[in-house]
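# Examining the three-dimensional arrangement
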Amino acid sequence: MLTIGKLAREAGVTPDTVRYYEKEGLLAPARKTDAGYRLYDEDAARRLRFIRQAQQCGFSLAEIGELLMLKRSDAACCKDVRGVAVSKKLQLEHKIRALQAMSGALSELIAICNDGARPLDECPILAALENSMAGQMEGARNG
Amino acid sequence: MVKVEVFSSPGCGKCAQAKAMLKTVAEALGSDKVTWREVNILEEMDYAVDLGIMSSPAIAIDGELVFTSLPSAYKLRVELLRRL
């Protein structure tokens, strides 16, 4: 049996993170000591590694909950998990596009700032950001 | 000519049956009026992202995302008739 500190250390997280996962219903101690300390078994350690790995793949805690439920369900099969993974990949591809667009916009701003010695109030990057914000607010007013 | 594209991932059992039923609806309107294409979302991920598809299965009509899940036969028929 592992204490919360040992379990957390093995997974590279803090005890607070373990408590948070418990609050979200993703993890539970196998039992508690008479003094009320949580004790975890190897199954909980495996579950915690699963949660961390899934988070690194971009899954939210709600989605991880869904995956864990599928994992336990007799009615579910690999196809169901695959479906969740395909949806996640689609979301990631959308995010990548958005990040690429942001990166492109930053490249344009960096390109117009060709004189790093200018004073701050002449900084074309800050001016462009301000103008785009003013444009957005104008658009919101007219829209 | 209305172009229907059904995006799903291969091996999706529950999709297969529903897709077959929807295909019948589309084909009943005439192959000269409606084209039906089944798209493997994993092979055409870029295209799916272009169309704004966030989950599978989904249906695009004339290059526009119309159904974010498989619709009923009735809903598909109404949508296709509207476009013909």
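A brief look at the structure comes next.

## Here's the deal with the overall build of chain A
A count of helices and strands for chain A gives six helices and three strands. Counting only C-alpha atoms, chain A reaches 65 × 40 × 30 Å along its principal axes. Here chain A, with 143 residues, has 11% of them falling under the buried criterion. Expressed as a percentage of contacts within chain A between residues at least 6 apart in sequence, the contacts between residues at least 24 apart total 41%.

## Brief notes about the overall build of chain B
Counting its regular elements, chain B contains three helices and four strands. Ordered by position from N to C terminus, the α and β elements of chain B give β-α-β-α-β-β-α. A compact globule built from 84 residues would reach a C-alpha radius of gyration of about 12 Å, and chain B, at 12 Å, matches this within 12%. When the backbone C-alpha atoms are referred to their principal axes, chain B occupies close to 30 × 25 × 20 Å. In chain B, buried positions account for 26% of the 84 residues. Restricting the contact set of chain B to residue pairs at least 6 apart, pairs at least 24 apart contribute 66%.

## Concerning the interface of chain B and chain A
Each partner contributes to the interface: chain B provides 13 residues, whereas chain A provides 10 residues. The greatest single-element share of the side of chain B that touches chain A, amounting to three residues, is contributed by helix H2 (residues 45-50) of chain B. For the side of chain B that touches chain A, the per-class residue count stands at eight nonpolar, five polar and no charged.

## Describing the sheet that holds strand E1 (residues 2-8) of chain B
Residues and elements named next belong to chain B. Ordered in space as E2-E1-E3-E4, the four strands form an open sheet in which the pairing is mixed. Of all strands in the sheet, those with a lone pairing partner are strand E2 (34-40) and strand E4 (64-67), marking the two edges. The sheet shows a mean angle of 30° between the axes of neighbouring strands, direction not considered. Where E1 and strand E3 (residues 58-61) come together, four bridges link them in antiparallel fashion.

## Brief notes about the environment of Glu 63 of chain A
Summarising the element assignment, Glu 63 of chain A is placed in helix H4 (residues 61-72). Separated by 59 residues in the primary sequence, Glu 63 of chain A and Ile 4 of chain A have C-alpha atoms spaced 24 Å apart.

Criteria and cut-off values
Residues numbered from 1 in each chain as written. Chains lettered and ligands numbered in written order. Predicted model: local features only at pLDDT ≥ 70, side-chain atom pairs only at ≥ 80, totals over all residues. Helix = DSSP H or I, 4+ residues; strand = E, 2+ residues; numbered from the N terminus. Buried ≥ 20, exposed ≤ 12 C-beta atoms within 10 Å, placed from the backbone. Contact = placed C-beta atoms within 7 Å. Rg over C-alpha atoms; globule rule 2.2 N^0.38 Å. Nonpolar A, V, L, I, M, F, W, Y, C, P; charged D, E, K, R; others polar. Pairing = 2+ DSSP bridges. Axes fitted to C-alpha atoms, helices over the stretch in contact; angles between N-to-C directions.

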